[in-house]
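Breakdown of the fold
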Amino acid sequence: MAISISFVLLLAILAVIFLRSGALKFPHALVCLLLGFCLAGTNIAPSINSGLTATADIVSTLRP
């Protein structure tokens with residue numbers, strides 16, 4: 001479990017660095033994709049899913 005959390009944290013730090021640099025290239029997108037897959041396998045995945053669902057529900061009720 002400790003290795004998994006360390007790996008997810010490393011991928012999250014790399015994703016933030018890549019996004020802040022403004023030049024998101026294919027290798028950077030691959031790191032973000034790996035981060036998503038790693039987060040999906042952790043215990044926080046249901047919380048992320050419910051948060052995204054709630055955000056999508058709020059956005060869908062907005063009228064332009």
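Look up: the structure comes first, before these words.
Just so it is clear, the structure is predicted and the values come from calculations on it, not from any experiment. (Residues numbered from 1 in each chain as written. Predicted model: local features only at pLDDT ≥ 70, side-chain atom pairs only at ≥ 80, totals over all residues. Heavy atoms only, no water.)

1. Considerations on the environment of threonine 61
Of note, threonine 61 is situated in helix α3 (residues 45-61). A residue is classified by how much of its surface remains accessible, and threonine 61, at 56% relative accessible area, is exposed. Of the polar contacts made by the side chain of threonine 61, one reaches the backbone oxygen of isoleucine 58; its length is 2.7 Å. (Helix = DSSP H or I, 4+ residues; strand = E, 2+ residues; numbered from the N terminus. Buried < 20%, exposed > 50% of the residue type's maximum accessible area, 1.4 Å probe, protein only. Polar contact = N/O pair within 3.5 Å; in protein donor to acceptor, adjacent residues only side chain to side chain.)

2. Thoughts on the nonpolar core
The nonpolar side chains of a soluble globular protein tend to be buried with one another. In terms of nonpolar packing, the biggest core is built from 6 residues, these being Val8, Leu11, Ala15, Phe18, Val31 and Leu35. Residue assignment for this core shows that the elements contributing at least two residues are α1 (2-21) and α2 (26-40). In terms of residue count, the dominant contributor to this core is α1 (4 residues). Filtering out sequence-adjacent residues up to four positions away, leucine 35 remains in contact with Val8, Leu11, Ala12 and Ala15. (Core = buried A, V, L, I, M, F, W, Y, C linked by side-chain atoms within 4.5 Å. Contact = heavy atoms within 4.5 Å.)

3. A short note on α2
Taking 1.5 Å as the rise per residue, α2 with 15 residues should run 21 Å; its terminal C-alpha atoms sit 21 Å apart, in good agreement. Of the positions making up α2, those classed as buried are His28, Val31 and Leu35. The arc that holds every buried residue of α2, seen down its axis, measures 55°, which confines them to one face. Opposite the packed face of α2, turned more than 90 degrees from it, sit the exposed residues Phe26, Phe37 and Ala40. (Expected span 1.5 Å × (residues − 1). Arc of directions from axis to C-beta.)

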